[in-house]
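# Chain and residue survey
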Amino acid sequence: MKLKDKVCIVTGAASGIGKQIALTYAREGGKVVIADINLQAAQAVVDEIQKAGGQAMAVTMDVTSESEVNAAVDKVVKAWGGVDVLVSNAGVQIVHPVEEFPFAEWKKMLAIHLDGAFLTTKACVPHMKASGRGGSIIYMGSVHSKEASVLKSAYVTAKHGLIGLCKTVSKEGGKHGIRANVICPGFVRTPLVDKQIPEQAKELGISEADVIAKVMLKETVDGEFTTVQDVAEVALLFAGFESNALTGQSLVVSHGWFMQ
Ligand code: NAD
């Protein structure tokens, strides 16, 4: 068991990629915190983990709210004594051409992806230092942390920003054993992507099948979506890699869409 009794907070873990990371960490012995804005869905993931014999708790957390983030992390530390792994994963997608992007929606995107990553990091780092064990902080980036696509100015900006945060946290955290990494998935079939398919078809004036084949998967080596398990295995690698050797690095998981 690679994460035996490690306390692992995963934001946005009620659905999609975050949920699969939570299930994988629980399978590896982690004590997993399902932190999500949707408490009911988070509780359903807890029930699933507990039914399989794992350890999990749900906390309500809107990652854009400093008070909610701090209250949730305090609750975890009171219950389980510390934090060993943070996966900052909560995210949404909003697409518009840049000149039509409503400013309020731009700010919402940056708040969820960047403020959320900052606030959860800020809340967890003191506990990782206090334990003397350090910890692992993993940001859910995207191929869009490295590459751009039309209609996604806010998302691409936010996902590129996570690389800078990761590198800085790595440098500040190094002497305390606090590591930081970014995972950069290609398209993964989750509710976030399912919502984009008809939206992009409309914006680009093409069929939904063409959005999948000619936009989302065109550059992959096999025409396949990246899977939630592909991403979860990389999240397990980073969380369980207990040296500074990989800190500050980002890893693209995209079936060859983007190669560094
Ligand atoms: P998803 O919609 O399945 O899950 C997102 C989760 O985040 C949901 O449970 C939702 O309730 C939660 N959430 C949304 N806003 C929140 C907030 N303010 N506070 C707390 N929780 C909030 O999406 P997903 O595809 O699993 O995406 C997860 C992450 O992976 C995102 O950061 C996304 O940008 C990234 N990502 C996804 C893909 C993909 O193709 N699906 C590719 C690359 C990166």
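Right above here is the structure, for reference.
These remarks concern the structure in this document. None of the values given here were measured: they were computed from a predicted structure.

### A closer look at helix 6 (residues 191-204)
The end-to-end C-alpha distance of helix 6 is 20 Å, a good match for the 20 Å that 14 residues give at a rise of 1.5 Å each. For helix 6, the full list of buried residues reads V193, Q196, I197, Q200 and A201. Buried positions along helix 6 lie against helix 7 (208-216). Once helix 6 finishes, G205 follows within two positions and takes phi at roughly 70°, a positive value.

### Some points on the pattern of salt bridges
This model, assessed by the stated rule, comprises eleven salt bridges. Salt-bridge contacts for R27 lead to E233; the nearest nitrogen and oxygen are separated by 3.9 Å. One end of the pair, R27, is in helix 1 (residues 16-27); the other, E233, is in helix 8 (residues 228-240), with 206 residues separating them in the sequence. With relative accessibility at 45%, the residue R27 sits in the partly exposed group. We note a salt bridge from E66 to K122, for which the minimum N-O separation is 3.9 Å. Of this pair, E66 sits in helix 3 (residues 66-80) while K122 is found in helix 4 (residues 103-131), placing the two residues 56 residues apart along the sequence.

### Some thoughts on the packing of aromatic side chains
Taken as a whole and assessed by the stated rule, the structure comprises two aromatic pairs. Ring centres of F101 and W106 lie 6.5 Å apart, and the angle between their planes is 85°; this geometry places the pair in the edge-to-face category. For W106, a relative accessible area of 25% gives the class partly exposed. Both rings, one in F187 and one in W257, keep their centres 5.3 Å apart while their planes meet at 5°; by these two values the pair is stacked. Taken together, the residues F187 in the loop between strand 6 (178-185) and helix 6 and W257 in the segment after strand 7 (250-253) connect sequence positions 70 residues apart. By relative accessible area, which is 9% here, F187 ends up buried.

### Some points on helix 3
Given 3.6 residues to a turn, an α-helix orients residues that are three or four positions apart in the same direction. For helix 3, built from 15 residues, the straight-helix expectation of 21 Å at 1.5 Å per residue is met to within 8% by its first-to-last C-alpha distance of 21 Å. G81 occupies a position one or two residues after helix 3 and carries a positive phi of about 85°.

### Here's the deal with the sheet that holds strand 2 (residues 31-36)
Ordered by their spatial adjacency, seven strands build an open sheet running 3-2-1-4-5-6-7, and the pairing between neighbours is parallel. With partners counted over all chains shown, the strands left at the sheet margins are strand 3 (55-60) and strand 7, one partner each. Across this sheet, the average inter-strand angle for adjacent strands is 20°, counted without regard to direction. Across six bridges, strand 5 (residues 135-140) lies against strand 6 in parallel orientation.

### Regarding the site of the ligand
Near the ligand you find 29 residues, and of these S15, D36, Y155, V188 and T190 are the closest. Within the backbone of N89, an N or O atom sits 2.8 Å from an oxygen atom of the ligand. A distance of 2.7 Å is found between an oxygen atom of the ligand and a side-chain nitrogen or oxygen belonging to Y155. Protein burial of the ligand: of its 830 Å² of free accessible surface, 92% is covered by the chains. Elements with a contribution of two residues or more to the shell around the ligand: helix 1, helix 4, helix 5 (153-173) and helix 6. For the shell around the ligand, the leading source of residues is helix 6, giving three residues. Partitioning the shell around the ligand into residue classes produces 16 nonpolar, ten polar and three charged.

Criteria and thresholds
- Residues numbered from 1 in each chain as written.
- Predicted model: local features only at pLDDT ≥ 70, side-chain atom pairs only at ≥ 80, totals over all residues.
- Heavy atoms only, no water.
- Helix = DSSP H or I, 4+ residues; strand = E, 2+ residues; numbered from the N terminus.
- Expected span 1.5 Å × (residues − 1).
- Buried < 20%, exposed > 50% of the residue type's maximum accessible area, 1.4 Å probe, protein only.
- Contact = heavy atoms within 4.5 Å.
- Salt bridge = Lys/Arg side-chain N within 4 Å of Asp/Glu carboxyl O.
- Phe/Tyr/Trp six-rings, centres within 6.5 Å; stacked < 30°, edge-to-face > 60°.
- Pairing = 2+ DSSP bridges.
- Axes fitted to C-alpha atoms, helices over the stretch in contact; angles between N-to-C directions.
- Near = heavy atom within 4 Å.
- Polar contact = N/O pair within 3.5 Å; in protein donor to acceptor, adjacent residues only side chain to side chain.
- Areas by Shrake-Rupley, 256 points an atom, 1.4 Å probe, with all protein chains shown as cover.
- Nonpolar A, V, L, I, M, F, W, Y, C, P; charged D, E, K, R; others polar.

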